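So the chains spell out like this:
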Amino acid sequence: MPFPDGTADFRSDTVTRPTPEMRRAMAEAMVGDDVYRDDPTVNALEEEAASIVGQEAAVLTPTGTMGNQLGIMLQTRRGEDVLCDAGTHLRNVEAGAGAALSGVAFRTMDVDAGRITPADIDRSMQLAGSLYPRIGLMVWENTHNMSGGRVIPAEVMAEGNRAARRHGLSIHLDGARVFNAAVASGLPPARFAEGVDTVQFCFSKGLGAPVGSILCGSADLVAEARYLRKRLGGAMRQAGIIAAPARIALRDWSRLSADHELASRMARGLADRHPGAVDPEITETNMVRVEVGRLRGGWAPVRARLKESGVVVRDPLAGTVRLVTHRDVDDADVERLLAAFTPE
């Protein structure tokens with residue numbers, strides 16, 4: 001449905017608004033001082049979040065970036081490299097936090113849609129700790145944002161995890177949208193967290209809560225993360241007002257299938273109008289990638305029609321527009337978008 005000003009916003013699933021149920025939960029939440037572990041709503045959320053991804057414990061963070069950076073801080077030493085694919089969010093879109101906060105660099109691998117193989121890991125580790133810096137941590141991102149919300153299959157992760165362990169690496173999963181991966185694969189979220197040391201996921205993307213992410217792992221790692229969270233300024237007080245809508249979002253994660261269906265429909269409609277600009281076969285979750293150089297008539301007239309019709313999208317990045325479905329867009333909004341993309 002359109003936003004209050006009539007727009008249909010396809011920029012990201014971060015633009016979702018809290019539901020009436022979430023707003024009531026915020027107003028009625030039981031709270032306490034979370035630094036003293038006295039907030040019952042936060043405590044319940046952390047227990048539920050850890051359980052759903054098969055981990056021992058969890059700590060609430062304001063953002064996914066903080067959760068990811070805690071994962072790095074916990075499992076690296078200054079001067080080490082973090083092994084990841086070249087397109088990972090944690091390396092590219094977190095304002096240089098790994099270098100600034102943990103003193104690490106990134107050893108990147110050029111892989112398809114974040115799908116790191118044992119051969120990729122073995123090759124990257126050949127010089128680690130001799131001519132090159134040591135590598136202490138490997139990172140997955142699932143779903144993989146920069147490839148358009150692609151899913152890294154659980155079996156690919158399992159094979160990569162075994163290879164990483166042979167080299168003595170710790171493993172972090174940036175699972176900002178891991179529930180999208182679970183829905184698309186028909187697997188429980190815990191399958192994607194098997195064999196990793198820490199996993200971060202967001203409540204404020206497709207799950208639809210207004211704010212908040214969480215880091216899950218062993219009890220010992222989470223205890224240390226709680227200490228480091230304070231160092232980063234992330235220790236909150238009566239955070240139950242944040243945790244309450246997040247608990248509702250976590251309960252309703254299966255509704256993401258509706259977003260996936262909407263994205264698939266959008267991808268097919270765009271492919272029909274602009275052959276070669278969109279590949280519906282790689283629209284696996286709630287993101288659609290449009291190659292603007294392949295649009296019939298070019299991007300400028302499409303952009304003008306989108307603006308005129310009240311449809312908001314992000315500007316092209318590296319020749320690609322990313323369109324994202326979420327709980328606050330519907331079939332009618334997709335029709336408006338498709339009409340704007342229809343060549344004259």
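Please refer to the structure placed before this passage.
Calculation notes
Residues numbered from 1 in each chain as written. Predicted model: local features only at pLDDT ≥ 70, side-chain atom pairs only at ≥ 80, totals over all residues. Heavy atoms only, no water. Axes fitted to C-alpha atoms, helices over the stretch in contact; angles between N-to-C directions. Helix = DSSP H or I, 4+ residues; strand = E, 2+ residues; numbered from the N terminus. Parallel < 35°, antiparallel > 145°, perpendicular 65-115°, else oblique. Left-handed = near helix turned anticlockwise from the far one by under 90°. Contact = heavy atoms within 4.5 Å. Nonpolar A, V, L, I, M, F, W, Y, C, P; charged D, E, K, R; others polar. Pairing = 2+ DSSP bridges.

We now examine the packing of helix α6 (residues 118-125) against helix α7 (residues 154-166). Contact geometry for α6 and α7: axes closest at 8 Å, N-to-C directions at 25°. Taken together, the axes of α6 and α7 are roughly parallel relative to one another. Here α6 and α7 pass one another in a crossing that is right-handed. Here α6 contributes P118, I121 and D122 to the contact with α7, which in turn contributes E159, G160, A163, A164 and R166. Residues of the contact of α6 with α7, tallied by class, amount to four nonpolar, one polar and three charged.

Turning to the sheet that holds strand β6 (residues 170-174), a few remarks are in order. Pairing between the strands of a sheet comes from backbone hydrogen bonds, and it takes one of two forms, parallel or antiparallel. Taken in spatial order, the seven strands line up as β2-β8-β7-β6-β5-β3-β4 in an open sheet, and their pairing is mixed. Only two strands of the sheet have a single neighbouring strand rather than two, namely β2 (57-61) and β4 (105-109). Averaged over all pairs of adjacent strands, the angle between strand axes in this sheet comes to 20°, irrespective of strand direction. Note that strand β3 (residues 81-85) and β4 share five bridges and pair parallel.

Let's shift gears to the packing of helix α1 (residues 20-28) against helix α11 (residues 240-251). One way to put it is that α1 packs onto α11 with a least axis distance of 7 Å and a crossing angle of 145°. Crossing angle aside, the handedness with which α1 passes α11 is right-handed. Along its contact with α1, which presents E21, M22, A25 and M26, the element α11 presents I241, A244, P245, I248, A249 and R251. By residue class, the composition of the contact of α1 with α11 is eight nonpolar, no polar and two charged.

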